[in-house]
Structures are given as C-alpha cells and as structure tokens.
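As a plain string of letters, each chain reads:
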Amino acid sequence: MQKTSSSASGFFNIRFLLGSSLCGVGALFAVTSLTMGPPNATAQTTSGARIFVTTTVQKIGGVGTGGCSLQEAIYSSVLHDTLDGGYHGVAIDATDPDHFITPECILGTGNGDTIVLPSGGVFNNGSGTQPFGPYGL
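As the structure is a prediction and not an experimental result, all values here were calculated from the model.

Trainee: Is there a simple way to think about the overall build of the chain in this case?
Mentor: In terms of helices and strands, the chain carries 3 helices and 4 strands. The N-to-C order of helical and strand elements in the chain reads α-α-β-α-β-β-β. The buried share of the chain, taken over its 137 residues, is 22%. Residue pairs in contact within the chain that sit at least 24 positions apart in sequence constitute 53% of those at least 6 positions apart.

Trainee: How do you make sense of the pattern of salt bridges when you look at a structure like this?
Mentor: Any two side chains of opposite charge can pair, on the condition that their charged atoms come close. Under the criterion given, the structure shown has 1 salt bridge. Measuring nitrogen to oxygen at the nearest pair gives 3.0 Å for the salt bridge that ties Lys59 to Glu72. With a gap of 13 residues between them, Lys59 in the loop between strand E1 (50-52) and helix H3 (70-79) and Glu72 in helix H3 connect regions that are remote in the sequence. The burial state of Lys59 is the same as that of Glu72; both residues are buried.

Trainee: Honestly, the state of the cysteines in this entry has me stumped. Any pointers?
Mentor: The bond known as a disulfide is covalent and runs between the sulfur atoms of two cysteines. With the rule as written, the count across this model stands at 1 disulfide. The residue that forms a disulfide with Cys68 is Cys105, at a sulfur-sulfur distance of 1.7 Å. Residues Cys68 and Cys105 are joined by a disulfide whose S-S torsion is about 95°; by sign, that bridge is right-handed. You can see Cys68 sitting in the loop between E1 and H3 and its partner Cys105 sitting in the loop between strand E3 (100-101) and strand E4 (114-116), a full 37 residues away along the chain. Under the relative-accessibility criterion, Cys68 is labelled buried at 2%.

About the cut-offs
- Residues numbered from 1 in each chain as written.
- Predicted model: local features only at pLDDT ≥ 70, side-chain atom pairs only at ≥ 80, totals over all residues.
- Heavy atoms only, no water.
- Helix = DSSP H or I, 4+ residues; strand = E, 2+ residues; numbered from the N terminus.
- Buried < 20%, exposed > 50% of the residue type's maximum accessible area, 1.4 Å probe, protein only.
- Contact = heavy atoms within 4.5 Å.
- Salt bridge = Lys/Arg side-chain N within 4 Å of Asp/Glu carboxyl O.
- Disulfide = S-S within 2.5 Å.

Keep in mind these values describe shape, not function.
So this is what it looks like as structure tokens:
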C-alpha cells in the first residue's frame, strides 16, 4: 500500500484555506479603514461659527455702518476676539493698523468657522491701484 505524502494531503489545503481567509479579512479591514474619515470630523466642522456676510460693499466699519462685509467676516474669523463682551468680532482699522473696530459680524471661534456669502452677491476685489484690493483680498 502506498502512503500519501503530507504535502498532498487535505491538511495542506486547510492551512492554505485558513491563510487565505486571514489575508482576505486583513485586506477587508484595510479597505474599510481607508474609506472612513477621521473619527472627529463632524466635531471639527460643527464647532465653528457661521459668519454671515450681509453686504457686498468693501468696508471695515463699526456697528451700524451697513452690515457685515467680507473683509470684516474674515477678520472676525481669524482674530476671534471681541471688544463688546462676546457678541461681535473685531477687525483692524484700514487707516490705522494699531486700532481695532467692532464690526457687525458675529464673533468667530477660530476653529472651523464658516463664512456664508449672500446669494447672488457680486464682490469687487480691486480698486485699480492695488493689485489685491484695498484690504489685500
């Protein structure tokens, strides 16, 4: 009677099947981890303030000067400081960089703020004499 070698027996096939299954599960975990975002992605996007731009006029002015401009909204988001107790943000005065102004924009958080532009608004970002507009935009 002839004996079967161990390499041709059913034991080899079970090891091969088990190894292939483990590799397949590992590949599945790898693909799943690539398709998932960071664990706190929603916390980062929802923790910021929504700053609404209410005018298309280029200006940096105080409360009562005609709404929140794009420049003021950017300052409110980046500086995220306040002069009036926590409601409005601050902006740097265009004529005196050592002076801060309280614009009509809400206070930004500096952590994922969203600046919302008016629907159909047209913004003029150049004055003709400065290549990036009067406020560097």
